[in-house]
Amino acid sequence: ADCRYTCHQECRSLIQLDCRQPGQCQSQLSPESTLLPPCSQNVTQTVEEEKPEPPTVQEIKQKIEKYNAKVTNCLLMKLNDDGTYTGFIKVHLKLRRPVTVPAGIRPQSIYDALKEVNLADMTDKRTSFYLPLDAIKQLHISSTTTVSEVIQGLLKKFMVVDNPQKFALFKEMRKDGQVLFQKLPLTEYPLYLRLLAGPDTDVLSFVLKENETGEVEWDAFSIPELQNFLMILDKEEKDKIQQVQRKYEKFKQRLQQTLKEARGKPG
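Please read all numbers here as calculations on a predicted model, not as lab measurements.

Peer 1: Run through the overall build of the protein chain, naming residues and quoting values.
Peer 2: On a plain count of helices and strands, the protein chain comes out with six helices and 10 strands. For the protein chain, the residues scored as buried account for 26% of the 267 residues in total. Long-range pairs, those at least 24 residues apart, make up 69% of the contacts in the protein chain with a sequence separation of at least 6. Split by element, the accessible area of the protein chain, about 20,100 Å² in all, is 52% carbon and sulfur.

What follows is the structure, given as structure tokens:
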């Protein structure tokens, strides 16, 4: 009643107030009057957004015709008899960390791709390397292909044996001179997003990046992988320290040179 502390009824037994000056409460409010009703009665109910109805086959057909009319290359979308459709998406690989691949494996041939031969299963030896920065991979997918399947397909094409949970697919949008990134849920359909945005990659593009640290399930990593992460972080830390040291060493040299040249001069 003195400090006007307020809590919910079910939280009352958990509250321990440190009343420094007991007996000086001037208010006649009873403890019960400072209790709010239970949370379920005090929280505004969130109204669920109504999910839009899935487009009809006729609407999809019209969208595809409009999409293909804007295509400047041969990467057209095609509507199937069952209402699904196929097309192409380009994914930019912006990975800052090295990936794990099988050691001593030859590049995948057309025969391997057609026979779905998994070269990564042919050896237990592993090595790590950095993928080319901002490499672009073109994928031919279906309207039923999910983000999860796109990630797995990309890793398979590059023979990456890392856990797919380490990676996430983002959509990159440009608006008012700003570049916006949004992480896509694993159940999203990238080809449908491509269809809605049109073929212009300046409007919408897809980017494969590392998953946010807070969302990575570290239990999915093996001990050697975790040790490799620590080695990489130690190396990056040392490189950063050296960069800072070189920066201030150059500044120190310039300052000493300036003082040397200023000796004997008035002022």
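Peer 1: So, the pattern of salt bridges: which residues are in play, and what are the values?
Peer 2: Under the defined criterion, the tally for this structure stands at five salt bridges. Across the pair Lys 166 and Asp 162 runs a salt bridge whose closest N-O atoms are separated by 2.9 Å. Assigned by exposure class, Lys 166 and Asp 162 land together as buried. Residue Asp 239 is joined to Lys 235 by a salt bridge in which the shortest nitrogen-to-oxygen separation is 3.1 Å. Within this pair, Asp 239 and its partner Lys 235 are both found in helix H6 (residues 223–262), separated by four residues, close to a single helical turn.

Peer 1: Please provide a residue-by-residue account of a nonpolar patch on the surface, values included.
Peer 2: Nonpolar side chains collect at one region of the surface, where Val 244, Tyr 248, Phe 251, Leu 255 and Leu 259 lie side by side and expose about 530 Å² of accessible area between them. Within the secondary structure layout, Leu 255 lies in helix H6.

Peer 1: Kindly report on the UniProt feature "coiled-coil region" (unreviewed entry) in the protein chain, identifying the contributing residues and their values.
Peer 2: In the UniProt entry, the feature "coiled-coil region" (unreviewed entry) is given for residues 234–261. In this annotation, residues 234–261 is assigned 100% helix and 0% strand; the end-to-end C-alpha distance for the span is 41 Å.

Peer 1: Could you give an account of the nonpolar core, with specific residues and numbers?
Peer 2: Core analysis: the biggest nonpolar cluster contains 30 residues, and Ile 89, Val 91, Phe 167, Leu 169, Phe 206 and Leu 208 have the highest contact counts within it. Counting residues per element, the ones that place at least two in this core are helix H2 (57–70), strand E4 (85–93), strand E5 (99–102), strand E7 (135–142), helix H4 (147–157), strand E8 (167–175), helix H5 (190–197) and strand E10 (204–210). By residue number, the principal contributor to this core is H4, which donates five residues. The residues contacting Leu 169, other than those within four sequence positions of it, are Val 91, Val 147, Val 150, Ile 151, Gln 182, Lys 183, Leu 184, Pro 190, Phe 206, Val 207 and Leu 208.

Peer 1: Run through the side chain of Thr 86, naming residues and quoting values.
Peer 2: Residue placement: Thr 86 occurs in strand E4. Once you skip the residues sitting within four places of it in the chain, Thr 86 turns out to touch Leu 76, Met 77, Lys 78, Asn 80, His 140, Ile 141, Ser 142 and Leu 191.

Peer 1: Would you mind going over the pairing of E5 in detail, with residue names and values included?
Peer 2: Both faces of E5 are covered, namely the face carrying Val 99 and Val 101 and the face carrying Thr 100 and Pro 102. The pairing of E5 with strand E6 (residues 126–129) spans four bridges and is classified as antiparallel. Considered in E6, the bridge of Val 99 is made with Phe 129.

Peer 1: Can you tell me about unusual backbone geometry, naming the residues and giving the values?
Peer 2: For Met 159, which is not a glycine, the phi torsion comes out positive at approximately 55°. When you line up the elements, Met 159 lands in the loop between H4 and E8.

Peer 1: Any chance you could break down H2 for me, citing the residues and the numbers?
Peer 2: Taking 1.5 Å as the rise per residue, H2 with 14 residues should run 20 Å; its terminal C-alpha atoms sit 20 Å apart, in good agreement. Restricting attention to buried positions, one finds in H2 the residues Ile 60, Ile 64 and Tyr 67. Down the axis, H2 shows its buried residues gathered within 65° of arc, on one side only. Residues of H2 that are exposed and point more than 90 degrees away from the buried face comprise Lys 66 and Ala 69. The inward-facing, buried residues of H2 contact strand E3 (78–79), E4 and H5.

What counts and how
Residues numbered from 1 in each chain as written. Predicted model: local features only at pLDDT ≥ 70, side-chain atom pairs only at ≥ 80, totals over all residues. Heavy atoms only, no water. Helix = DSSP H or I, 4+ residues; strand = E, 2+ residues; numbered from the N terminus. Buried < 20%, exposed > 50% of the residue type's maximum accessible area, 1.4 Å probe, protein only. Contact = heavy atoms within 4.5 Å. Areas by Shrake-Rupley, 256 points an atom, 1.4 Å probe, with all protein chains shown as cover. Salt bridge = Lys/Arg side-chain N within 4 Å of Asp/Glu carboxyl O. Patch = residues over 30% accessible without salt bridge, like charges linked within 9 Å, V, L, I, M, F, W, Y side chains within 5 Å. UniProt positions renumbered as here; feature names shortened; annotations may be inferred. Core = buried A, V, L, I, M, F, W, Y, C linked by side-chain atoms within 4.5 Å. Pairing = 2+ DSSP bridges. Expected span 1.5 Å × (residues − 1). Arc of directions from axis to C-beta.

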